[in-house]
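# Structure at a glance
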Amino acid sequence: TGAILLLVISTAVSAQNTRMEQANSMLNSETILTYSNLEDAQLIAENNPTVLFFYARWCPSCRTALKNIESNLSKLEDITVIIVNYDKNSELKRNYGVTYQHTYVQIDGQGNKVSLWNGGDIYSILQNVDRNGLY
């Protein structure tokens with residue numbers, strides 16, 4: 001049973017390392033990502049402040065904010081913004097208490113909500129992100 005247990009642990013560690021490599025490759029290529037699943041967002045949040053931006057394509061203030069963020073990426077430094085489709089992620093909205101689009105939620109490496117705020121652009125992100133090692 002020792003050999004089987006070792007194999008299971010080795011496989012789990014290998015899978016976790018692969019997921020970390022994937023998260024790091026996503027981070028190395030972009031500061032703004034599109035939401036795919038909470039596990040990937042948590043992996044990113046383990047190393048960098050991570051903000052979920054609940055975005056709706058039909059929302060004029062969301063579009064304006066996204067343009068502003070894209071125009072000022074260098075100001076984000078180590079902050080990762082993950083765009084979440086507001087209309088398609090009802091369970092995620094419910095989990096974080098998001099009631100309308102153009103909402104930002106900073107999460108930690110366990111997927112816990114660190115902070116939540118509504119509206120704004122890159123400056124609201126910079127002002128509201130908690131950098132006290134919670135990621």
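For clarity, every value in this text was computed on a predicted model and none was experimentally measured.

What counts and what doesn't
- Residues numbered from 1 in each chain as written.
- Predicted model: local features only at pLDDT ≥ 70, side-chain atom pairs only at ≥ 80, totals over all residues.
- Heavy atoms only, no water.
- Core = buried A, V, L, I, M, F, W, Y, C linked by side-chain atoms within 4.5 Å.
- Buried < 20%, exposed > 50% of the residue type's maximum accessible area, 1.4 Å probe, protein only.
- Helix = DSSP H or I, 4+ residues; strand = E, 2+ residues; numbered from the N terminus.
- Contact = heavy atoms within 4.5 Å.
- Phe/Tyr/Trp six-rings, centres within 6.5 Å; stacked < 30°, edge-to-face > 60°.
- Pairing = 2+ DSSP bridges.
- Axes fitted to C-alpha atoms, helices over the stretch in contact; angles between N-to-C directions.

### Examining the nonpolar core
Most often, soluble globular proteins have nonpolar side chains that are buried together. Formed by 34 residues in total, the largest nonpolar core has its most connected members in Leu52, Phe53, Phe54, Ile69, Tyr96, Tyr104 and Ile125. Put simply, the parts of the chain that give this core at least two residues each are β1 (32-34), α2 (38-45), β2 (50-55), α3 (60-71), β3 (80-85), α5 (90-96), β4 (103-107) and α6 (122-128). Ignoring sequence-local partners within four residues, the contact set of Phe53 consists of Cys62, Ala65, Leu66, Ile69, Val81, Ile82, Ile83, Val84, His102, Thr103 and Tyr104.

### Some thoughts on the packing of aromatic side chains
In total, this model carries three aromatic pairs according to the counting rule given. Relative to Tyr104, the ring of Phe53 lies with its centre 4.6 Å away and its plane at 15°, an arrangement referred to as stacked. Of this pair, Phe53 sits in strand β2 while Tyr104 sits in strand β4; the two residues are 51 residues apart in sequence, bridging distant segments of the chain. Consider the rings of Tyr104 and Trp117, whose centres lie 5.4 Å apart with planes at 15°: the pair is stacked. Taken as a pair, Tyr104 in strand β4 and Trp117 in strand β5 (residues 113-118) lie far apart in primary sequence, 13 residues in all. Assigned by exposure class, Tyr104 and Trp117 land together as buried.

### What about the environment of Asn47?
If you trace the backbone, Asn47 turns up in the loop between α2 and β2. Take Asn47: its relative accessible area is 38%, and that puts it in the partly exposed class. Taking the C-alpha atoms as reference, Asn47 lies 9.0 Å from Asp108; in sequence the two are 61 residues apart.

### Some points on the sheet that holds β5
Across the sheet, which stays open at both edges, the five strands sit in the order β1-β3-β2-β4-β5 with mixed pairing between neighbours. The open sheet has two edge strands, β1 and β5, and neither has a second partner. Averaged over all pairs of adjacent strands, the angle between their axes in this sheet comes to 25°, without regard to strand direction. Relative to β5, β4 is paired through five bridges, and the arrangement is antiparallel. By the bridge assignment, Thr103 is partnered in β5 with Asn118. Of the strands in this sheet, β1, β2, β3 and β4 are in contact with α3, which crosses β2 at around 145°.

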